[in-house]
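# Close look at the chain arrangement
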Amino acid sequence: MRRKPMEFSPRMVYMAFMLILFLALLFFFVKGRSPWVFLLFLMSVFSILIRWRFSIKEYMMMYDVSLYIVLSLLYPGESIFLTLPVFYFTYHGRFLFAMYPLSFGLYFSRGSESLFYTWVLLIGITLYLWERESRKYRENADQLRNRIYQLEETEATLLLDYQDTERMSRLAERQRIAEILHDNLGHELTAAHLSLKAADTIIQSEDTPAKVPIRKSLERLEKSLTQLKESVRQLEPEKDNLSLNFEELTDRFPVPVKMEIEGDVRQLKPYVRQLLHMSLKEALTNVTKHAHPSLVEIGLEVTDNIARLTVKNDGVYEERSIHSGNGIRYMRKRLEAVHGSLSTQKGKDDFLLIVIIPLQKG
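These remarks concern the structure in this document. Along each chain, residue indices are assigned from 1 in the same order as the chain's sequence is written. It should be noted that, the model being predicted, local features are given only for residues of pLDDT at least 70 and side-chain atom pairs only at 80 or more, the latter also being counted only at that level, while totals for whole chains, interfaces and linings use all residues. Hydrogens are left out, water is left out, and the side-chain values use all remaining heavy atoms of the structure.

### Description of the overall build of the chain
- Secondary structure elements follow DSSP: runs of H or I of four or more residues count as helices, runs of E of two or more count as strands, with numbering from the N terminus. The number of helices and strands found in the chain is 10 helices and 5 strands.
- Contacts are assigned to residue pairs that have any heavy atoms within 4.5 Å of one another. Counting contacts in the chain only where the partners sit at least 6 residues apart, residues at least 24 apart contribute 70% of the total.
- Accessible surface area values rest on a Shrake-Rupley calculation with a 1.4 Å probe, where residue burial reflects the displayed protein chains alone. Just so you have it, the chain exposes about 23,200 Å², and 58% of that area is on carbon and sulfur atoms.

Spelled out as structure tokens, the structure:
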């Protein structure tokens, strides 16, 4: 298995160069053997370690810089320690702050020390620019990954929406064909059957050769009516129990659910039952994603004119996700296609989703 090549980041180079600076300052301490140099060295180490361990504003280092400058006024030969704040400020993009120790450092520097300040300044600026570009690259990569995730989520939702819509269309079409066969062809065959039966009764007492064909036609018509009834029964969508479908969803739900159903759900057409089932499934999915309830209350009320579904939870609901979810948006479009509606109400301690579907008669 091939190893992934090691990638250098600006942060790693910054830490490495800071270590080089400390080693250089330690060299000055060994060379000078001054107790003030040792004090400056320990203070520098402590200052950088504190800022590496804790999140401290950059301007707080100005106190350290002021102390460096005071000691440099007393001991001009120790001004080399001002390279640490110069490098620190330039790497973090605080160039105005960096000018404060840089100006004093160049003033007190002797000979090649000014070149050392210039070298530290250029490296700090280079690392700052590198870090800025890396940050932009990471932000763009994160935005791209987030966009890809949103597109994949939208694609999955659209696929499910297409499948659900196709299923509802099939159910509605099967119901329409079954009603046409029952109302039109069924009535015509029934009328023909009654007419033949009446004719058979009239000629029953007469000795006529028409008895046999009429009797056979009557038998064939009765068989046709039986086959038509069986075909209509098979064409009609199953009259499934909506409450049982709801129980399948709530049984798997990780939070206690209280459900109440009022009215005759058997009068609902198949596409209405499908829409209610899909709405409840989407509502419970949103509760799982965005809320932390202790109880979910589900209510279904079926009247002669409407079917009303309510889903209420007492959990904390994320404000930004109430209207931003794709599932809720697509569900609202599906409901509006059948002149229904979806609305939400956010209270102080609860969240309520309301689905209303008008019931068509005939």
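### Concerning the pairing of strand β3 (residues 306-313)
- In this scheme, strands are said to pair when DSSP sees at least two bridges between them. Pairing analysis gives 7 bridges linking strand β2 (residues 296-302) to β3, with the strands arranged antiparallel. Each bridged residue has a counterpart across the sheet, and for V302 the counterpart in β3 is A307.
- Between β2 and the antiparallel strand that follows it, β3, lie 3 residues.
- As paired elements, β3 and strand β5 (residues 351-358) share 8 bridges and run antiparallel to each other. Note on β5: the bridge partner recorded for N313 is F351.

### Regarding a nonpolar patch on the surface
- Judged by side-chain polarity, F8, M12 and W130 come together as a nonpolar surface patch covering roughly 310 Å² of accessible area.
- Here M12 shows up in helix α1 (residues 10-32). Any residue with relative accessible area above 30% and no salt bridge may belong to a patch, with like charges joined within 9 Å and the nonpolar Val, Leu, Ile, Met, Phe, Trp and Tyr side chains within 5 Å. Whenever a carboxyl oxygen of Asp or Glu lies within 4 Å of a side-chain nitrogen of Lys or Arg, that contact is scored as a salt bridge.

### Remarks on the side chain of N313
- By secondary structure assignment, the location of N313 is in strand β3.
- Once residues within four sequence positions are removed from consideration, N313 is found in contact with V287, A291, P293, L295, V296, D349, D350 and F351.

### Thoughts on the nonpolar core
- Ranked by size, the top nonpolar core spans 32 residues in total, and within it L268, L276, L280, V296, L309 and I357 carry the most contacts.
- Taken together, the elements giving at least two residues each to this core come down to α8 (242-251), α9 (270-290), β2, β3, α10 (326-337) and β5.
- For this core, the element with the highest residue contribution is α9, accounting for 9 residues.
- Leave out the neighbours within four places in its chain, and I357 touches V272, L275, L276, N305, I306, A307, L335, V338 and G340.
- Take the buried Ala, Val, Leu, Ile, Met, Phe, Trp, Tyr and Cys residues and link them wherever side-chain atoms come within 4.5 Å; each set so joined is a nonpolar core. Only protein chains enter the accessibility calculation, which uses a 1.4 Å probe; a residue whose area is less than 20% of its type maximum is buried, one above 50% is exposed, and one in between is partly exposed. Y68, I80, L82 and F89 belong to the second largest nonpolar core, which has 26 residues in total.

### Observations regarding the pattern of salt bridges
- On inspection of all chains with the given rule, the structure shows 4 salt bridges.
- One salt bridge in this structure joins R138 and E131, with 3.2 Å as the shortest N-O distance.
- A salt bridge links R145 to D142, with the nearest nitrogen and oxygen atoms 2.3 Å apart. Note that R145 and D142 are positioned in helix α6 (residues 113-202) at a spacing of 3 residues, about one turn of the helix.
- Linked by salt bridges that have partners in common, E131, R135 and R138 make up one network.

### Quick notes on the sheet that holds strand β1 (residues 257-262)
- If you walk across this open sheet you meet the 5 strands as β1-β2-β3-β5-β4, and the pairing is mixed. What marks the edges here is a single partner per strand, and that holds for β1 and β4 (341-346). Strand-to-strand twist of the sheet, defined as the mean angle between neighbouring strand axes without regard to direction, takes the value 10°. Under this scheme, a helix contributes an axis fitted over its contacting stretch, all axes are lines through C-alpha atoms, and angles between N-to-C directions fall in the 0 to 180 degree range.

### Some points on helix α5 (residues 95-108)
- Here α5 spans 20 Å end to end across 14 residues, near enough to the 20 Å set by a 1.5 Å rise per residue.
- All of the buried residues along α5 are A98, P101, L102, G105 and F108. In a helix, the anticipated span is given by 1.5 Å times the number of residues less one.

### Observations concerning the packing of helix α4 (residues 83-91) against α5
- Look at α4 against α5: their axes get within 8 Å of each other, and the N-to-C directions meet at 170°. Here α5 runs roughly antiparallel to α4, going by the angle between their axes. From α4, P85, V86, F89 and T90 reach across to α5, where they touch F95, F97, A98, P101 and L102.
- A class-by-class count of the residues in the contact of α4 with α5 yields 8 nonpolar, 1 polar and no charged. Comment on the angle field: the value is read as roughly parallel under 35 degrees, roughly antiparallel over 145, roughly perpendicular from 65 to 115, and oblique elsewhere. Each residue gets one of three labels, nonpolar for Ala, Val, Leu, Ile, Met, Phe, Trp, Tyr, Cys and Pro, charged for Asp, Glu, Lys and Arg, and polar for the others, Gly among them.

### Comments concerning the packing of aromatic side chains
- Only Phe, Tyr and Trp rings are paired, with Trp represented by its six-membered ring, and only when their centres lie within 6.5 Å; those with planes under 30 degrees apart are stacked, over 60 edge-to-face, the remainder tilted. Counting across every chain of the model gives 9 aromatic pairs.
- Between Y100 and F104 the ring centres are 5.7 Å apart and the planes differ by 85°, which places this aromatic pair in the edge-to-face class. Separated by 4 residues within a single helix, Y100 and F104 lie in helix α5, roughly one turn from each other.
- Among the aromatic residues, ring-to-ring pairing joins Y14, F17, F87, Y91, F116 and W119 into one connected group.

### Some words on α9
- Across its 21 residues, α9 extends 30 Å between first and last C-alpha, which sits within 8% of the 30 Å expected from 1.5 Å per residue.
- Across the 21 residues that make up α9, a large majority, 16, are buried.

### Examining unusual backbone geometry
- Unusually for a residue other than glycine, H339 sits at a positive phi of about 65°.
- Within the secondary structure, H339 is located in the loop between α10 and β4.

### Observations regarding the environment of V45
- Mapped onto the fold, V45 is located in helix α2 (residues 35-53).
- Along the primary structure V45 and F22 are separated by 23 residues, whereas in three dimensions their C-alpha atoms are 7.7 Å apart.

### Focus: a negative patch on the surface
- All tallies of charge rest on Lys and Arg as positive and Asp and Glu as negative; His and the ends of each chain are not included. A charge is said to be at NZ when it belongs to Lys, at CZ for Arg, at CG for Asp and at CD for Glu. There is a patch of like negative charges on the surface, built from E260, E262, E297, E301, D314 and D349.
- Elements that contribute at least two residues to the negative patch include exactly β1 and β2.
- Examined against the element boundaries, E301 turns out to sit in strand β2.
- On the accessibility criterion, E301 (34% relative accessible area) is partly exposed.

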